[in-house]
Amino acid sequence: MIWVIILLCLLTFIVYGFVTTIKPQKYPPGPVWFPFIGSSGILQKMTKKFGSEYRALLELSKQYSTNVLGMKTSSELIVVVFGVKNVRQVFHDKDFDARPHNFFAQLRNLGKKNLGITFANGDIWKEHRAFAVKNLKYVGYGKTVMEKEIQNELGQLLEHINNNRHGPISLDSLLSESVMNVLWTYVAGERIPLVKLRYMLSLFRQRGKAFTVGGGILNQIPWCRFIIPELSGYSLITKLNAEISQIIEEAIEKHKNKEILGNDFIYLFLQEIYANKSPTFTEEQLKMVCLDLLIAGTQTSSNVLSFALLRAMKSPDIQEKIYNEIVSTIGDRTPCWNDNESLVYTSAYIQELHRYYTIVPMAGPRQLLNDTSIDGYLIPKGSTILMSIGDINFDPDLWEDPHVFKPERFIDESGMLKNSEHLFPFGLGRRRCPGDSLAKSFIFITLVGILQKYRIQSANGTVPSDKPIIGILSTPQPFSAEFTPRKKDSEF
Ligand code: HEM
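Residues numbered from 1 in each chain as written. Predicted model: local features only at pLDDT ≥ 70, side-chain atom pairs only at ≥ 80, totals over all residues. Heavy atoms only, no water.

*Asks:* I'd like a description of the overall build of the protein chain, backed by residues and values.
*Replies:* Secondary structure assignment for the protein chain yields 17 helices and ten strands. Judged by the C-alpha coordinates and their principal axes, the protein chain covers about 95 × 60 × 40 Å. Carbon and sulfur atoms make up 57% of the accessible area of the protein chain, which amounts to about 21,900 Å² in all. Counting 55 positive and 49 negative side-chain charges, the protein chain places the centres of these two groups 4 Å from one another. (Helix = DSSP H or I, 4+ residues; strand = E, 2+ residues; numbered from the N terminus. Areas by Shrake-Rupley, 256 points an atom, 1.4 Å probe, with all protein chains shown as cover. Lys, Arg positive; Asp, Glu negative; His and termini not counted. Charge placed at Lys NZ, Arg CZ, Asp CG, Glu CD.)

*Asks:* Give me the coordination of the iron atom of the ligand: which residues, what numbers.
*Replies:* Looking at the protein side alone, the iron atom of the ligand has one donor only, Cys433 (SG), at 2.3 Å. Looking at the element boundaries, cysteine 433 is found in the loop between strand 6 (384-388) and helix 17 (436-453). (Donors = N, O, S within 2.8 Å, 3.2 Å for Na, K, Ca; no water.)

*Asks:* Describe the side chain of asparagine 102, and please don't skip the residues or the numbers.
*Replies:* By secondary structure assignment, the location of asparagine 102 is in the loop between helix 4 (84-92) and helix 5 (103-108). Here the side chain of asparagine 102 touches glutamate 76 through a polar contact of 2.9 Å, side chain to side chain. Beyond its immediate chain neighbours, meaning those up to four positions away, asparagine 102 contacts Glu76, Asn219 and Thr384. (Polar contact = N/O pair within 3.5 Å; in protein donor to acceptor, adjacent residues only side chain to side chain. Contact = heavy atoms within 4.5 Å.)

*Asks:* Can you explain the environment of serine 342? Please cite residues and give values.
*Replies:* By secondary structure assignment, the location of serine 342 is in the loop between helix 15 (316-329) and helix 16 (344-357). The partly exposed category is assigned to serine 342, whose relative accessible area is 37%. C-alpha of serine 342 to C-alpha of arginine 191: the two residues are 151 residues apart in sequence and 33 Å apart in space. Beyond its immediate sequence surroundings of up to four residues, serine 342 is in contact with Glu325 and Thr329. (Buried < 20%, exposed > 50% of the residue type's maximum accessible area, 1.4 Å probe, protein only.)

*Asks:* Please give an account of the pattern of salt bridges that cites residues and values.
*Replies:* Note that side chains of opposite charge can pair when their charged atoms are close. Counted according to the given criterion, the structure contains 22 salt bridges. A salt bridge links arginine 430 to aspartate 97; the nearest nitrogen and oxygen atoms lie 2.5 Å apart. Residue arginine 430 is found in the loop between strand 6 and helix 17, and its partner aspartate 97 is found in the loop between helix 4 and helix 5; the two are separated by 333 residues along the sequence. The salt bridge partner of glutamate 253 is lysine 256, with a shortest N-O separation of 3.3 Å. (Salt bridge = Lys/Arg side-chain N within 4 Å of Asp/Glu carboxyl O.)

*Asks:* Got a sec to walk through the side chain of arginine 355? Specific residues and values, please.
*Replies:* Its location among the elements puts arginine 355 in helix 16. Engagement of the side chain of arginine 355 in a polar contact is seen with the side chain of glutamate 352, the distance being 2.9 Å. With residues up to four places along the chain from it excluded, the contact list for arginine 355 reads Asn393, Phe394, Trp399, Pro402, Val404, Arg409 and Leu423.

*Asks:* An account of the environment of glycine 122 is needed here, citing residue identities and associated values.
*Replies:* Relative to the helices and strands, glycine 122 resides in helix 6 (residues 122-138). The sequence separation of glycine 122 and aspartate 97 amounts to 25 residues, and the corresponding C-alpha distance is 8.7 Å.

*Asks:* Which residues make up a nonpolar patch on the surface, and what values go with them?
*Replies:* A cluster of nonpolar side chains, Leu11, Val15, Tyr16, Phe18, Val19 and Ile22, forms an exposed patch at the surface whose accessible area comes to about 620 Å². Tracing the sequence through the fold places valine 15 in helix 1 (residues 2-19). (Patch = residues over 30% accessible without salt bridge, like charges linked within 9 Å, V, L, I, M, F, W, Y side chains within 5 Å.)

*Asks:* Before we move on, can you summarise the sheet that holds strand 6 with the specific residues and values?
*Replies:* Taken in spatial order, the four strands line up as 1-2-6-3 in an open sheet, and their pairing is mixed. The two strands at the open ends of the sheet, each matched to only one other strand, are strand 1 (68-72) and strand 3 (362-367). Neighbour-to-neighbour, the strand axes of this sheet turn through a mean angle of 20°, independent of strand direction. Each of strand 1, strand 2 (77-81), strand 3 and strand 6 touches helix 3 (residues 53-63); the most contacted strand, strand 1, lies at about 115° to it. (Pairing = 2+ DSSP bridges. Axes fitted to C-alpha atoms, helices over the stretch in contact; angles between N-to-C directions.)

*Asks:* Please provide a residue-by-residue account of the nonpolar core, values included.
*Replies:* Leu171, Trp184 and Ile450 are the most contacted members of the largest nonpolar core, which totals 98 residues. Top element by residues in this core is helix 14 (residues 283-314). It accounts for 16 residues. Residues contacting tryptophan 184, with those up to four places away along its chain left out, are Gly189, Glu190, Arg191, Ile192, Ile247, Ile248, Ala251, Cys290 and Leu294. (Core = buried A, V, L, I, M, F, W, Y, C linked by side-chain atoms within 4.5 Å.)

*Asks:* How would you explain the site of the ligand if you had to name every residue and give the values?
*Replies:* Within the structure, the ligand sits among 27 residues, and Arg99, Arg129, Arg366, Arg431 and Cys433 are positioned closest to it. A distance of 2.7 Å separates an oxygen atom of the ligand from a polar atom in the side chain of arginine 99. Side-chain polar atom of arginine 129 to an oxygen atom of the ligand: 2.8 Å apart, as the coordinates give it. Of all the secondary structure elements, the ones that give two or more residues to the shell around the ligand are helix 6, helix 14, strand 3 and helix 17. Top element by residues in the shell around the ligand is helix 14. It accounts for six residues. Here the shell around the ligand is built from residues that sort into 16 nonpolar, seven polar and four charged. (Near = heavy atom within 4 Å. Nonpolar A, V, L, I, M, F, W, Y, C, P; charged D, E, K, R; others polar.)

*Asks:* An account of the confidence of the model for the protein chain is needed here, citing residue identities and associated values.
*Replies:* Residues of the protein chain with pLDDT of at least 70 account for 96%, and the chain-wide mean is 89. The weakest mean pLDDT in the protein chain belongs to helix 10 (residues 216-220) at 71; the strongest belongs to helix 16 at 98. (pLDDT = per-residue confidence, 0-100.)

*Asks:* So what about unusual backbone geometry? Which residues, and what values?
*Replies:* Along the chain, glycine 364 connects to proline 365 via a cis peptide bond; the corresponding omega equals -5°. Examined against the element boundaries, proline 365 turns out to sit in strand 3. You will see that lysine 26, though not glycine, has its phi angle at about 55°, which is positive. Checked against the element boundaries, lysine 26 lands in the loop between helix 1 and helix 2 (40-50). For lysine 26, a relative accessible area of 57% puts it in the exposed group. At asparagine 276, a residue that is not glycine, the phi angle is positive and equals roughly 60°. Under the relative-accessibility criterion, asparagine 276 is labelled exposed at 64%.

*Asks:* Talk me through the packing of helix 14 against helix 16; I want residue IDs and the actual numbers.
*Replies:* At a closest axis distance of 10 Å, the pairing of helix 14 and helix 16 adopts a crossing angle of 105°. Judged by the angle between their axes, helix 14 and helix 16 are roughly perpendicular. On the side of helix 14, the interface is formed by Val304, Phe307, Ala308, Arg311 and Ala312, while helix 16 contributes Tyr349, Leu353, His354, Tyr356 and Tyr357. (Parallel < 35°, antiparallel > 145°, perpendicular 65-115°, else oblique.)

*Asks:* Outline helix 16, listing residues and values.
*Replies:* Between its first and last C-alpha atoms helix 16 spans 20 Å; for 14 residues at 1.5 Å apiece the expected length is 20 Å, and the two agree. Burial runs high along helix 16: 14 of the 14 residues are buried. (Expected span 1.5 Å × (residues − 1).)

Encoded structure:
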């Protein structure tokens, strides 16, 4: 009898294994599915070979000559969408508005399903996205008050450069500290203590490089965390979660104990909880919204700025054009966001940075709410969808000489800034980035403020590579530069 049971179990196991390799009808092309792990093994191998999951997916789309790539992990159908038409469909069609609740999403959301903004769905997402956008504006975010905060941070950066300018300086950690300070002032009404801030940012940097928007191996084969907790990134993300949680919980406690008084986001959210108008306003939800703002806002903005400084160093002619424009337009005055209209070349430079270095090369993840067709393929409800933005930015049908770094492409014949409908660094549609005004002002004011005062040159004559490290974000390799004052000390 026992042998019959064993045999039946074995047979079921084999049949189930076989079933997991069958692709749904009209499913997009992609690598073969192996029993239980789907195409995860192939993707891992390709990721190793091409240096990032993003590049591996691009390569697979070329291999299968498709703009819609069909994959499967151990438990999830994953469809990667390429090309401007398909990506726009995902951004705009309501069926793609949701986020998946896969293993990576659960980890990222501290195990809290459907809380926060980034990984929330349905009514709670709509309500809290709208609340955050409205109330961050109310506390000064996106207004001249924010500009003052950014200018204040710029002052500190310039002071740091001035104090250390006799040797090479590495600015990347200082840039993320600046943006975090501005953001946290709006959220929590205070700065994060420097030692904590630095530790948390170092974890953020590791996370940005180690993970991908699809969650990497940890999402594809979740049980691998028990075998390779370090290598899979599991230890890193749990450490980061604990660190951020503590910072946010302390800030909430301080508000409850009235140690911090003022109109910041946490204060306004707590008033909403006390007023008891909506059951979705809870301390847990407040914590998750704060977490989303911290995670989404910091590394993205500082990475663009790091690339801005790196590129200025690599292209001295471009740097001189920016400097001359700054001097002839605003002179020595501290820059403000409105200057972006008159600093046309500098603004075009920032647009070109967004295109050339695409900070979010793969947007999403989204979860499909109904069976849908993309490009003639049938995508089953529940599939996870990723959108490849990086290759749109190099599509020769959309951009002339896409591999040439050329800010002029964003300037029209009459010398005005020309936006392109094909460039959408902050996404499109209902999940579009709500932090764009902070990011844009921060990048513009800080870049102009630094180039106004200093010429950036490579340290020891070696120009560092600008080949990005691609994980969830595109991150520049660490570099340092020499900062030479444009004017003598007495003229500062
Ligand atoms: C250069 C800087 C930034 C870039 C390139 C960027 C890019 C993006 C993109 C492409 C999305 C859309 C993802 C999707 O469609 O699935 C997004 C969403 C988001 N961003 Fe940003 N972002 C930046 C800065 C910020 C800042 C400063 C904040 C916070 C103040 C922020 C908060 C968010 C949040 C909360 C979401 C999720 C929105 C939702 O799901 O409804 N981002 N960002």
